[in-house]
Amino acid sequence: MVAASRKRDQPWLIRTYSGHSSARASNELYRSNLAKGQTGLSVAFDLPTQTGYDADSPLARGEVGKVGVPISSIEDMDQLFDQIPLDQMNTSMTINATAAWLLALYIALAQRRGIDPRKLSGTTQNDIIKEYLSRGTYIYPPGPSMRLIADTINYTVRHVPRWNPTNVCSYHLQEAGATPVQELAYALCTAMAVLDRVKASGEIAAEDFPQVVERISFFVNAGIRFVEECCKLRAFGEMWDELTRTRYQVDDAKMRRFRYGVQVNSLGLTEAQPENNVQRIVLEMLSVVLSKRARARAIQLPAWNEAMGLPRPWDQQWALRIQQVMAFETDLLEYGDILDGSPVIAAKVAELIAGARQEIENVDAQGGIIAAIESGYVKRELVASHMNRLRAIESGELKIIGVNCFEETAESPLTAGSDAAIMKPDPEAERRQIERLQAHRRQRNGSDVQAALQALADAAQSGENIMPSSIRCALAGVSTGEWGNALRAVFGEFRPPTGIDIAIDSREVLGQKDRVSDLRDRVASTGNALGRPLKLLVGKPGLDGHSNGAEQVAVKARDVGFEVVYDGIRLTPQQIAQAAEEEGVHVVGLSILSGSHMELVESVLQELRTRDLGDLPVIVGGIVPPEDADRLFALGVRGVYTPKDFDLNAIMGDIVDVVRECNGLERLGALH
């Protein structure tokens, strides 16, 4: 009775991150999840939508509907939110380079339905800086990209005041290797860059600037190091409060509040013994709700089987129920901040703040976060941190249950069955989306489309706010690719540094000296036998921008003696095959994490054959189900590696043996 009478806080927004195949299929999933008690939407878009291509673009082949929902026009947006009242829904959209466009589509849809945009609430992630560092869905150079972000902020503050126009996202920084100190520092540097850009635009009066600060939200990651993650969020709150008070003169404490949403760490989810992911998810969630002063405003949890492939509706329901048990069955929301007064917590928070301040100074010394991206400084720091984490896993210093320790296991009933415990995307989704897009083009008014696109280009060139012309484009029926290409023509495109130009010697890692020395001998002797040093091409075909694994393979290969060709993300199969021919490589490694491995690998193999390189060995890394691995081997792929294959030394040994075998040399076998 005591617990029942105690006043409870309202729970956070409960979301699941979802979207797949088509707008119609995703809408059905959204309405199902809302009926089960979800209180907000979090929309995942496919890679063509995120990078500004239409479904029928050659660059979109194999990627349509794979990691999210394809949105080609306002008609898709209408179908996505069918029977969902926009003025009553809090909608989060994970979209960055094309955030202004997706927000324009959402606003235009509201207008078409007779809804005042001032009633819309939600968030566009709209953090392009971390895209250059981690996730890779950038399009334009930093200057124009920051201008687009400033335009969305300036527009929404006036016309959509309940919207969070920018969600500074440190989540993907952690997945790219960031330590808690780096996550704090780079996220706050990003926020400062955004706010400074808006302030410099002069479009917001000084007395209204606190409203801009109030609408800046954050999206963070929570890993398995429970105490450290609790302290990181408390440090975030303290640093944000101080920053907004001193740098931006925001006097109202409510407007200085650190508002953040969270998805707990997908990087730490394992393909091996995936049932262990459930307790990881619960503990990681607890780290962002336990401290009342630093509690998340919105939470979305990954499903237990995300490291294996696309979660099924039942898996998403399980993730939803985890949140509901925490919010409604426990007494967590009945008490004040139970971490206040702890000397251990206070000391760790102070340590993180001190480290973050030092790293912010390092970034400032580079000329700010944009300059530090263009110079490659931040990317190199993240690659090095991620490398250190992987080396610790390889050596056993960092223990991952079921992966590098306690590997003995009974067969799991969770992964039994014909569906392999994951959902397969509709193989016809791409064809149907292309047909839907082409029908839409036939039905729209071509003159209205051309006039709207010209107005968009004029606004981009003149410096006029991009949002009004984008909304006009949306209402006229302009497509995502047309919007993206109109701005490409004005702004150009951008390719940031890869970050792999770092010098390491992994013989210094605990227990690695003999294995690495053995590897170097194998690479050198094989190169001598073939008459020149071994050369590996690491390629990322398609639109998948998650380059962490490719970067680590490239760094490791260079460490053990390979010459490495790596030109970053978003390459066509033709470009990869051409590079293989021009560079005279001995082996091609392809990294694909978007689920498009079958289509893209087949295209690369075909391109190699057209250049008379059909005998060149190809290996593949990514989230590849076992049955797809068998199909890849049948196509001629010589090796397939998935997240369970964490031992880079062993992978390098395999690659040497593949090269030797393809050149008539005897395999050397497992490392000692």
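Along every chain, residues carry numbers that run from 1 in the direction the sequence is written. Given that this is a predicted model, residues contribute local features only at a pLDDT of at least 70 and side-chain atom pairs are listed and counted only at 80 or more, while totals for whole chains, interfaces and linings are drawn from all residues. The side-chain quantities take in all heavy atoms of the structure and omit both hydrogens and water.

1. Regarding the sheet that holds strand β2 (residues 17–18)
And then number 1: We treat two strands as partners when DSSP finds at least two bridges between them. Put simply, DSSP marks the helices as runs of H or I at least four residues long and the strands as runs of E at least two long, and each gets a number from the N terminus on. Strand order in this open sheet of 5 strands is β2-β3-β4-β5-β6, and the pairing throughout is parallel. In the strand order of this sheet, the two ends are held by β2 and β6 (163–164), each with one partner.
And then number 2: Inspection of the sheet shows strand β4 (residues 90–94) paired to strand β5 (residues 121–124) by 4 bridges, in the parallel sense. Across the sheet, residue Met-93 finds its bridge partner in β5, namely Thr-124.
And then number 3: Sitting on the sheet, helix α2 (residues 23–35) is in contact with β2 and β3 (41–44), with an inclination near 155° to β3. Any two residues having at least one pair of non-hydrogen atoms within 4.5 Å are treated as being in contact. Convention adopted: a line fitted to C-alpha atoms gives each axis, helices being fitted over their contacting stretch, and angles between N-to-C directions are expressed from 0 to 180 degrees.

2. Re the pattern of salt bridges
And then number 1: Salt bridges, as used here, are contacts in which a Lys or Arg side-chain nitrogen is within 4 Å of a carboxyl oxygen on Asp or Glu. Per the stated rule, a full pass over the model turns up 44 salt bridges.
And then number 2: The partner of Asp-56 in a salt bridge is Arg-441, with the nearest N and O atoms 2.6 Å apart. Of this pair, Asp-56 sits in the loop between α3 (47–50) and α4 (74–80) while Arg-441 sits in helix α17 (residues 429–443); the two residues are 385 residues apart in sequence, bridging distant segments of the chain.
And then number 3: Throughout this description, buried means an accessible area under 20% of the type-specific maximum (1.4 Å probe, protein chains only), exposed means over 50%, and partly exposed covers the range between. A relative accessible area of 29% places Asp-56 in the partly exposed class.
And then number 4: Asp-544 is the partner of Lys-540 in a salt bridge, and the nearest nitrogen-oxygen pair spans 2.7 Å. Each member of the pair, Lys-540 as well as Asp-544, carries the same accessibility label: buried.
And then number 5: One continuous salt-bridge network, built from bridges that share partners, spans Glu-75, Asp-78, Arg-112 and Arg-113.

3. Some details on the side chain of Ser-547
And then number 1: Mapped onto the secondary structure, Ser-547 falls in the loop between β11 (535–539) and α22 (548–559).
And then number 2: Under the relative-accessibility criterion, Ser-547 is labelled buried at 4%.
And then number 3: Once residues within four sequence positions are removed from consideration, Ser-547 is found in contact with Ser-134, Lys-379, Lys-540, Tyr-566 and Ile-569.

4. What about the environment of Gly-664?
And then number 1: Among the structural elements, Gly-664 can be located in the segment after α26 (648–662).
And then number 2: On the basis of relative accessibility, which here comes to 70%, the residue Gly-664 falls in the exposed class.
And then number 3: Sequence spacing of Gly-664 and Ile-216 is 448 residues, and the spatial spacing of their C-alpha atoms is 60 Å.

5. Details of the domain arrangement of the chain
And then number 1: Start and end positions for the domains come from either an automated domain assignment or a database one. Per the domain assignment, the segments making up the chain are domain 1 (13–375 + 410–415) and domain 2 (513–662).
And then number 2: Residue-level contacts link 24 residues of domain 1 with 21 residues of domain 2.
And then number 3: Summed over both partners, the accessible area lost on bringing two parts together, with a 1.4 Å probe, is the buried area. Carbon and sulfur atoms supply 49% of the area that domain 1 and domain 2 bury against each other, a total of about 1800 Å² over both sides.
And then number 4: Considering only the side of domain 1, the residues that lose the most area to domain 2 are Arg-61, Glu-63 and Glu-271, jointly responsible for 28% of the buried surface there.
And then number 5: Put simply, domain 1 and domain 2 have 1 salt bridge between them.
And then number 6: Here Glu-599 and Lys-66 are joined by a salt bridge, their closest N and O atoms 3.1 Å apart.
And then number 7: In protein, a polar contact requires one atom able to donate a hydrogen and another able to accept it; more generally it is a pair of N or O atoms within 3.5 Å, and residues adjacent in sequence count only if both atoms are side-chain atoms. Taken together, the connections running from domain 1 to domain 2 amount to 13 residue pairs in polar contact (both at pLDDT 80 or more).

6. Remarks on the packing of aromatic side chains
And then number 1: Between the rings of Phe, Tyr and Trp (Trp by its six-membered ring), a pair exists once the centres lie within 6.5 Å; its type follows the angle of the planes, with under 30 degrees stacked, over 60 edge-to-face, and the other angles tilted. In this structure the tally under the stated criterion is 15 aromatic pairs.
And then number 2: Ring plane angle 80° and centroid distance 5.2 Å describe the contact between Tyr-132 and Phe-494, whose orientation is recorded as edge-to-face. Of the two residues, Tyr-132 is situated in helix α6 (residues 128–135) and Phe-494 in the loop between α20 (480–491) and α21 (513–530); the sequence distance between them amounts to 362 residues.
And then number 3: Phe-494 sits in the buried class, given a relative accessible area of 18%.
And then number 4: On the numbers, 5.7 Å between centres and 45° between planes, the contact of Tyr-171 with Phe-219 is tilted. A residue pair is termed long-range when its members are at least 10 positions apart, and Tyr-171 in helix α8 (residues 171–175) and Phe-219 in strand β8 (residues 216–222) qualify at 48 residues. The exposure classification of Tyr-171 matches that of Phe-219, with both residues buried.
And then number 5: Put simply, the rings of Phe-218, Phe-236, Trp-240, Phe-258 and Tyr-260 touch in pairs and so form one group of aromatic residues.

7. A closer look at the sheet that holds strand β9 (residues 260–264)
And then number 1: Read across the open sheet, the 5 strands follow the order β1-β10-β9-β8-β7; overall the sheet is parallel. If you trace the sheet from one side to the other, it starts and ends with β1 (13–15) and β7 (166–169), each paired once. The sheet shows a mean angle of 20° between the axes of neighbouring strands, taken without regard to direction.
And then number 2: Sheet topology note: the β1/strand β10 (residues 298–300) ladder contains 3 bridges and is parallel. Across the sheet, residue Ile-14 finds its bridge partner in β10, namely Ile-299.

8. Details of the pairing of strand β14 (residues 618–622)
And then number 1: By the criterion of burial, β14 is predominantly enclosed, with 4 of the 5 residues buried.
And then number 2: A crossover gets the label right-handed when its path from the first strand over the helix to the second runs clockwise, viewed with the strands pointing away from the viewer. This β-α-β element, strand β13 (residues 587–592) to helix α24 (residues 597–610) to β14, shows right-handed connectivity.
And then number 3: Sheet topology places β14 next to strand β15 (residues 639–641); 3 bridges connect them, and they run parallel. When the sheet's bridge partners are listed, Ile-619 is paired in β15 with Gly-639.

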